[in-house]
Amino acid sequence: MDTKVLIVAVVENENGDVLLRKKPEGSPPYEQTWYIFGAELMAGEDIEKTLVAHVQKQAGVTVAFRQRVGWDTEIKNDLDGVRKHFVYLDVICDYVSGEITWGEGIETIEWVPRSKLAEYDNVPPSVELFKQLGYINP
């Protein structure tokens, strides 16, 4: 089974709101769900630079890396339909500047207060990370 390593970031603004994006209809593996930002990490890439560049590309905003939270894993079908082992490096980033725009594969982007995160249909890895951070109840 192939393994993919992704850096996933909880992006927070000065109010502690979390930046979420929604997958469009027909976008596997979790259609019409909300999720945090992330990037596949390729061998030799710098974790912080890769993530900051990817969030800029996906959301049009500049972020600053704050801290690493930990690791999570999941086995699921990838976009190509092939079952893979995903390894996630969970981090927290701070919003620095920029107007939100969304890139390809994103239906919409919203700032969500932590108190409202449980009301969104978040992908399972995001739910687990929000629980770990104490943003939603287990």
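Higher on the page you've got the structure.
What comes next is a walk through the structure. (Residues numbered from 1 in each chain as written. Predicted model: local features only at pLDDT ≥ 70, side-chain atom pairs only at ≥ 80, totals over all residues. Heavy atoms only, no water.)

This next bit is on the overall build of the protein. Summing up its helical and strand segments, the protein has 2 helices and 7 strands in all. Reading the protein from its N end, one meets helices and strands in the order β-β-β-β-α-β-β-β-α. In terms of C-alpha radius of gyration, the protein reaches 14 Å, essentially the compact-globule figure of 14 Å for 138 residues. Taking the intrachain contacts of the protein between residues at least 6 apart in sequence as the baseline, contacts between residues at least 24 apart amount to 65%. About 7300 Å² of surface is accessible on the protein, with carbon and sulfur atoms providing 48% of the total. For the protein, the distance from the average position of its 14 positive side-chain charges to the average position of its 23 negative side-chain charges is 2 Å. (Helix = DSSP H or I, 4+ residues; strand = E, 2+ residues; numbered from the N terminus. Rg over C-alpha atoms; globule rule 2.2 N^0.38 Å. Contact = heavy atoms within 4.5 Å. Areas by Shrake-Rupley, 256 points an atom, 1.4 Å probe, with all protein chains shown as cover. Lys, Arg positive; Asp, Glu negative; His and termini not counted. Charge placed at Lys NZ, Arg CZ, Asp CG, Glu CD.)

Gaps between atoms show up when a probe of the same size as a water molecule is rolled over them. Counted as a void, the largest pocket has a volume near 820 Å³. Together, 34 residues line the largest pocket, and L6, R21, Y35, Q58 and L79 are the ones closest to its centre. No other element matches the 4 residues that strand β4 (residues 37-40) contributes to the lining of the largest pocket. Of the residues in the lining of the largest pocket, the class split is 16 nonpolar, 8 polar and 10 charged. (1 Å grid on protein atoms, 1.4 Å probe; cavity = no way out; pocket = protein on both sides within 12 Å on 5 of 7 lines; lining within 4 Å. Points joined across faces, edges and corners; volume = space filled by probe spheres on them. Nonpolar A, V, L, I, M, F, W, Y, C, P; charged D, E, K, R; others polar.)

Taken as a whole, helix α2 (residues 124-133) has its buried residues at S126, L129 and F130. Seen along its axis, α2 keeps its buried residues to an arc of 100°; they face one direction. Summarising the contacts, the buried residues of α2 are in contact with β1 (3-12), β2 (18-22), β3 (34-35), β5 (62-77) and β6 (83-97). Among the residues trailing α2, G134 stands out with phi positive, at a value near 80°. (Buried < 20%, exposed > 50% of the residue type's maximum accessible area, 1.4 Å probe, protein only. Arc of directions from axis to C-beta.)

Here the focus is the side chain of D90. Here D90 shows up in strand β6. Put simply, D90 is tucked away with no salt bridge, and the nearest opposite charge, on K76, sits 11 Å away. With near-sequence residues (within four places) excluded, D90 lies in contact with V8, R68, V69, G70, W71, D72, L129 and Q132. (Salt bridge = Lys/Arg side-chain N within 4 Å of Asp/Glu carboxyl O.)

Now for the pattern of salt bridges. Under the counting rule described, the total for this entry stands at 11 salt bridges. For D80, the salt bridge goes to K84, with nearest N and O atoms at 3.0 Å. If you follow the salt bridges from partner to partner, you end up with K4, E40, D78, D80 and K84 in one network.

Counting 20 residues, the largest nonpolar core has L19, L51, V91 and C93 as the members making the most contacts within it. Looking at this core element by element, the count peaks at 4 residues for helix α1 (residues 47-59). Apart from residues lying up to four places away in sequence, V91 is in contact with I7, V8, A9, V10, L51, F65, Q67, R68 and V69. In terms of nonpolar packing, the next biggest core, distinct from the first, is built from 16 residues, V8, W34, I36 and Y135 among them. (Core = buried A, V, L, I, M, F, W, Y, C linked by side-chain atoms within 4.5 Å.)

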